[in-house]
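Observations on chain architecture
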Amino acid sequence: MVSGDQSRRAGDNGGRRRRGHRAVRGFRRRGLRLNLALQGGGAHGAFTWGVLDRLLDESDIDYGWISGTSAGAVNAVAFADGFAEGGRPGARDRLRAVWEAVIEAGVPDLLRLNPFLYGMSRSPTMGQVASLFSPYDFNPLGFDPLRKLLAAQIDFERLRSFDGIDLLIAATDVATARPRLFRRREMSVEAVLASACLPQVHHAVEIDGRAYWDGGFSANPDLVTIAAESPVGDTLLVLLNPIEKAGAPRSAREIAADVSRVTFSQPLIRDVTEIAAHQADVRRPRWRGPRTRSERIAAHRFHLIEAGRHTNALPPESKMRPERALLSYLHNAGREEARRWLARAKPAIGKHSSVDLGDKLLGPLRSVEAVRPEELGEGEDDAIHELKL
């Protein structure tokens, strides 16, 4: 026979189980959550714009942290500030407004201050001569069209107070060569400019007495911090640079482009090597106490969208030429790759990684597949042809 106290306890336990069941169901109704890690790549960042544009169609995906570098930093602050103002529609509108402004301003305006350099920038051969000039010589006043663009498009005060999305914007400390990660509460025009400061084109950006260059030299983007600290357990990496390129470069133009690609790929390779080491380490039997930093990194789930097969088809200098045909092509390519990724990997969010980054970036060599003309949208193959001229 069951006593009254036992009956009440049983009833309470049943109620807790039912309430717990409802809580789990409620959690699922809140939807999926993703961090974003956005690589830099100049005008090729329009591919990331397309990816984000397509992701915003998914009403059941919410966003935690965004780690961004250079063009990835510009996309990150546009996405977050748009979200702060108007949710998903606001984020979509802000991204489009920023990239439309990039088309109107762009790098060519900087070079047009010196017609001699602008003329050289249009010539693959003479472009190598232009690299001999310091921005302190041909741009002594430090004019940067991106500063005006960011100030006009992004409300940094609103962004700093918006706690819906956190930011990790990477720049490189010139004195120490170490990454500096600017968080949301310290976000400013200067922080984004520092993240996107190519030293061949712009003056170093000074913040609190320290000089900064492009974050791609030291974190492109930072994956370890986001895996160790974000409360969201999944991160989607949007990769602009090809993981591999077939053939060895021979011309001065090709060599310069590959030196840049190799340089800006090293921080990501370093991060993935560290993550793979944590994953290997925690597979060993160990006492299960509170989660350590290493265990959090090892348990993090990663996902990947690549631009490589599209950017492989573009000339090296296209990163510095934000022209409408190029940006339209890359935006459409980003939307399509995001659509494919969602169809394939969306069910994995919150459950398991949909890519092994260690195998992908550190594994054996693979052949590089460039996008085929028949896969392009109408008129986009013509756009690539024009960009190669």
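The rules behind each value
- Residues numbered from 1 in each chain as written.
- Predicted model: local features only at pLDDT ≥ 70, side-chain atom pairs only at ≥ 80, totals over all residues.
- Heavy atoms only, no water.
- Helix = DSSP H or I, 4+ residues; strand = E, 2+ residues; numbered from the N terminus.
- Buried < 20%, exposed > 50% of the residue type's maximum accessible area, 1.4 Å probe, protein only.
- Core = buried A, V, L, I, M, F, W, Y, C linked by side-chain atoms within 4.5 Å.
- Contact = heavy atoms within 4.5 Å.
- Phe/Tyr/Trp six-rings, centres within 6.5 Å; stacked < 30°, edge-to-face > 60°.

**Thoughts on unusual backbone geometry**
Where the residue is not glycine, phi is negative for most of them; where a peptide bond is considered, it is trans in most cases. Each neighbour pair has its own omega, and for N220 with P221 the value is -10 degrees, a cis peptide bond. As for its position among the elements, P221 is in the loop between β6 (210-214) and α11 (224-229). A positive phi angle, close to 65 degrees, is found at A177, a residue other than glycine. Note on placement: A177 falls in the loop between β3 (166-173) and β4 (179-183). Within the chain, D208 stands out as a residue other than glycine whose phi angle is a positive 55 degrees. Here D208 shows up in the loop between β5 (205-207) and β6. For D208, a relative accessible area of 73% gives the class exposed.

**Some points on the nonpolar core**
Membership of the largest hydrophobic core comes to 68 residues, with the highest contact counts inside it found for F79 and M187. With 15 residues, the single largest contributor to this core is helix α3 (residues 71-104). Beyond its immediate chain neighbours, meaning those up to four positions away, F79 contacts L36, L52, L56, Y63, I66, A91, L95 and I165. Membership of the second largest hydrophobic core comes to 16 residues, among which are A227, I297, L304 and L361.

**Some details on the packing of aromatic side chains**
The way to describe two aromatic rings as a pair is by their centre distance and the angle between their planes. Summed over all chains, the structure comprises seven aromatic pairs. With 5.2 Å between their ring centres and 85 degrees between their planes, Y63 and F79 make a pair best called edge-to-face. With Y63 in strand β2 (residues 61-69) and F79 in helix α3, this pair connects stretches of sequence that are 16 residues apart. The pair Y63 / F79 is uniform in exposure class, with both members buried. With a centroid separation of 6.3 Å and 70 degrees between ring planes, the pair formed by Y63 and F83 is classed as edge-to-face. Residue Y63 is found in strand β2, and its partner F83 is found in helix α3; the two are separated by 20 residues along the sequence. F83 matches Y63 in its accessibility class, with the two residues each being buried. A connected cluster of aromatic rings, assembled from ring pairs, spans Y63, F79 and F83.

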